Amino acid sequence: QVQLVESGGGLVQAGGSLRLSCAASENIFSFNVMGWYRQAPGEQRELVARITHMGVTNYADSTEGRFTLSRDIAKNILFLQMNSLKPEDTAVYYCNADRFGDTHWGQGTQVTVSS
């Protein structure tokens, strides 16, 4: 069973930064896609950013230019650097890993951005 453990969430003022980490129990290079999703209260879960096995990234329009994905393949960690945070970025952030339809989720980490 694949385990994904997120960390790095917290409370930050608007304009601030946070870096989220997702530690995987397996070699992250074995997943065809990994990414971050978020879910605000009363809202549907939405894509934040994702990265393919080959390193191709895709960002939501709302995070493009502010958020950056990176990987530490040796340590099996996926990072999400979040800069210029806005109150509307407040949500629970979930790590996701997909291996050709076999999808796994972390437990989520709360990010709260105060105005």
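The structure contained in this document is the topic of the report that follows. Please read all numbers here as calculations on a predicted model, not as lab measurements. Throughout, residues of each chain are indexed from 1 in the direction in which the sequence is written. Side-chain atom pairs in this predicted model are given and counted only at pLDDT of 80 or more, local residue features only at pLDDT of at least 70, and totals for whole chains, interfaces and linings cover all residues. Side-chain metrics in this entry use all non-hydrogen atoms of the structure; hydrogen atoms and water are not considered.

Turning to the overall build of the chain, a few remarks are in order. Put simply, DSSP marks the helices as runs of H or I at least four residues long and the strands as runs of E at least two long, and each gets a number from the N terminus on. Helix and strand counts for the chain come out as zero helices and 11 strands. Element order for the chain, N to C, with α for helix and β for strand: β-β-β-β-β-β-β-β-β-β-β. By its C-alpha atoms, the chain is 40 × 25 × 25 Å across when sized along the principal axes. Residue burial is assigned from relative accessible area. The probe radius is 1.4 Å, only protein chains are included, and a residue is buried under 20% of its type maximum, exposed over 50%, and partly exposed in between. Here the chain holds 115 residues, and 42% of them are scored as buried.

A separate point is unusual backbone geometry. Non-glycine residue Asn76 carries a positive phi angle of around 60°. Within the secondary structure, Asn76 sits in the loop between β7 (67–72) and β8 (77–82). Positive phi values are uncommon outside glycine, yet Ser84 reaches one of about 50°. Within the fold, Ser84 resides in the loop between β8 and β9 (91–99). Take Ser84: its relative accessible area is 42%, and that puts it in the partly exposed class.

Right, let's get into the side chain of Asp98. Considering the arrangement of structural elements, one finds Asp98 in strand β9. One buried charged residue, Asp98, remains without a salt bridge, the closest side chain of opposite sign being Arg99 at 8.4 Å. The criterion used for residue contact is that any of the two residues' heavy atoms lie within 4.5 Å. Apart from the residues within four sequence positions on either side, Asp98 is in contact with Phe31, Asn32, Val33 and Thr103. Neither His nor the chain ends is counted toward charge; the positive residues are Lys and Arg and the negative residues Asp and Glu. One side-chain nitrogen of Lys or Arg within 4 Å of one carboxyl oxygen of Asp or Glu is enough to make a salt bridge.

Our next topic: the sheet that holds β8. Strand order in this open sheet of four strands is β1-β3-β8-β7, and the pairing throughout is antiparallel. Because the sheet does not close on itself, it has two edges, and the strands there are β1 (4–7) and β7. On average, each strand axis in the sheet is tilted by 15° relative to the strand beside it, whichever way the strands run. DSSP calls a pair of strands paired once it identifies at least 2 bridges connecting them. To obtain an axis, a line is fitted to C-alpha atoms, over the contacting stretch when the element is a helix, and the angle between two such axes runs from 0 to 180 degrees between their N-to-C directions.

Okay, the nonpolar core next. Ranked by size, the top nonpolar core spans 27 residues in total, and within it Met34, Trp36, Leu80, Met82 and Tyr93 carry the most contacts. For this core, the secondary-structure elements that each account for two or more residues are β3 (18–24), β4 (33–39), β5 (46–52), β7, β8, β9 and β11 (109–114). In this structure Met34 touches Leu4, Cys22, Ile28, Arg50, Ile51, Leu78, Cys95, Asn96 and Ala97, once residues within four positions along its chain are discounted. Nonpolar cores are built from buried Ala, Val, Leu, Ile, Met, Phe, Trp, Tyr and Cys residues. Side-chain atoms within 4.5 Å join them into one set.

Okay, the packing of aromatic side chains next. Pairing of aromatic rings covers Phe, Tyr and the six-membered ring of Trp, with a centre-to-centre limit of 6.5 Å; geometry is then stacked below 30 degrees between planes, edge-to-face above 60, and tilted otherwise. Using the criterion set out here, one finds two aromatic pairs in the structure. When the ring of Tyr37 is compared with that of Trp105, the centres are 5.1 Å apart and the planes differ by 70°; the resulting orientation is edge-to-face. Of this pair, Tyr37 sits in strand β4 while Trp105 is found in strand β10 (residues 102–105), placing the two residues 68 residues apart along the sequence. Accessibility expressed as a relative area gives 38% for Trp105, which makes it partly exposed. With 6.5 Å between their ring centres and 90° between their planes, Tyr94 and Trp105 make a pair best called edge-to-face. Taken as a pair, Tyr94 in strand β9 and Trp105 in strand β10 lie far apart in primary sequence, 11 residues in all. Judged by relative accessible area, which is 14%, Tyr94 ranks as buried. Each residue in the set Tyr37, Tyr94 and Trp105 is aromatic and connected to the rest through ring pairs, giving one cluster. We note Arg19 situated over the ring of Phe79; from NZ or CZ to the ring centre the distance is 4.1 Å. Whether a charge sits over a ring comes down to the Lys NZ or Arg CZ being within 6 Å of the ring centre and within 35 degrees of the ring normal. Across the ring face of Trp105, the terminal group of Arg45 is positioned such that the distance to the ring centre comes to 4.6 Å.

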